[in-house]
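Chains, contacts and geometry: an overview
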Amino acid sequence: MDDYVVATTVATCLIFVLMAIGTPVFAALGLAGVTGIVMIEDLNFVLNRLKAFSYHQSASYLLTVVPLFILMGAFAHHAGVGQRLFSVARKWVGHRPGGLAMASILTCAGFAATSGSSVATAATVGSVAIPEMRRAGDDPRLSAGAVAAGGVLGVLIPPSVLLIFYAALTEVSAGKMLVAGVIPGILSTIIFMAGIWVISRATPTAGATLPPEPWGRRIASLADAWQVLLLFLVVLGGI
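Our subject in this report is the structure included herewith. None of the values given here were measured: they were computed from a predicted structure. (Residues numbered from 1 in each chain as written. Predicted model: local features only at pLDDT ≥ 70, side-chain atom pairs only at ≥ 80, totals over all residues. Heavy atoms only, no water.)

**Digging into the packing of aromatic side chains**
- For the structure on display, the rule yields one aromatic pair.
- Directly above the ring of W215 sits R218, whose terminal nitrogen or CZ lies 4.4 Å from the centroid. (Phe/Tyr/Trp six-rings, centres within 6.5 Å; stacked < 30°, edge-to-face > 60°. Lys NZ or Arg CZ within 6 Å of the ring centre and 35° of its normal.)

**Some words on the nonpolar core**
- Counting residues in each nonpolar core, the largest one holds 30 residues, and the members touching the most others are L153, I157 and I196.
- Counting residues per element, the ones that place at least two in this core are α5 (81–93), α6 (99–115), α7 (118–136), α8 (140–151), α11 (182–202) and α13 (226–238).
- When residues in this core are grouped by element, the largest group, 10 residues, is from α6.
- Those residues in contact with L153, other than ones at most four positions away along the chain, are I105, C108, A109, A112, G185, S188, T189 and F192.
- In terms of nonpolar packing, the next biggest core, distinct from the first, is built from 11 residues, M72, I164, A174 and M177 among them. (Core = buried A, V, L, I, M, F, W, Y, C linked by side-chain atoms within 4.5 Å. Buried < 20%, exposed > 50% of the residue type's maximum accessible area, 1.4 Å probe, protein only. Helix = DSSP H or I, 4+ residues; strand = E, 2+ residues; numbered from the N terminus. Contact = heavy atoms within 4.5 Å.)

**Some points on a nonpolar patch on the surface**
- The grouping of V34, V38, L43, L47, L50 and F53 at the surface amounts to a nonpolar patch, some 500 Å² of accessible area in total.
- Secondary structure elements with two or more residues in the nonpolar patch: α2 (25–40) and α3 (43–58).
- Take the nonpolar patch: its biggest share by element is four residues, from α3.
- Among the secondary structure elements, L47 is positioned in helix α3. (Patch = residues over 30% accessible without salt bridge, like charges linked within 9 Å, V, L, I, M, F, W, Y side chains within 5 Å. Areas by Shrake-Rupley, 256 points an atom, 1.4 Å probe, with all protein chains shown as cover. Salt bridge = Lys/Arg side-chain N within 4 Å of Asp/Glu carboxyl O.)

**Thoughts on α8**
- Here α8 spans 17 Å end to end across 12 residues, near enough to the 16 Å set by a 1.5 Å rise per residue.
- Of the residues making up α8, those classed as buried are L142, S143, A146, V147, G150 and G151. When α8 is viewed along its axis, its buried side chains cluster within an angular range of 165° and face the same direction. When the buried face of α8 is taken as reference, the exposed residues oriented beyond 90 degrees from it are P140 and R141.
- For α8, the secondary structure elements touched by its buried residues are α6, α7 and α11.
- Near the N-terminus of α8, the side chain that reaches the backbone nitrogen of R141, with its oxygen 2.9 Å away, is that of D139. (Expected span 1.5 Å × (residues − 1). Arc of directions from axis to C-beta. Polar contact = N/O pair within 3.5 Å; in protein donor to acceptor, adjacent residues only side chain to side chain.)

All quantities given are derived from atomic positions and should not be read as evidence of function.
Here it is in structure tokens:
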């Protein structure tokens, strides 16, 4: 059997074995890759490659934006952006079936425009929205599902850390990658909200419906969301 086939087979099996015994995914992939290369070349070749690998993979000017995105998300979190966005969204869609869950999706979409991370989006919005949905009597499965699905928007709606990594690895324009995430992010937001509406209509006890807010209050509430829109335009325009 060809050496490359044997090395690939051994490395693939090693990945599953390591993950089965609880090894972190990154470590399992790394160890399996090193094992496969040693089988084809030798240990000295691997050590020589590892000397420069970490530098060449991380010394990218494009990746300097990643810690800045994370810092921006931290500022947004401590500034209470998630709380304000949820309050605005609740006034606009709270009277719909599953209104609070829909508001969670909209809040995730808004916060995603400031954080660039799915984990940060889900954690921030979850800490604000889930207690509200629990008090309103929403089904816990719908509440958790809405926040988890909304968190995915963090890697679609720019700025997105994942898209920046992809642009750096494939050597394509980071700006074009981020712009390309806008339409899928908006479509995903609409689809998630439509799904919540269907579930809540089919099972009225799944999502609570709030009394409708007067139009004057809804329009006035937009004053709390202008900072996010400005930040989104500045970041995307700057890139």
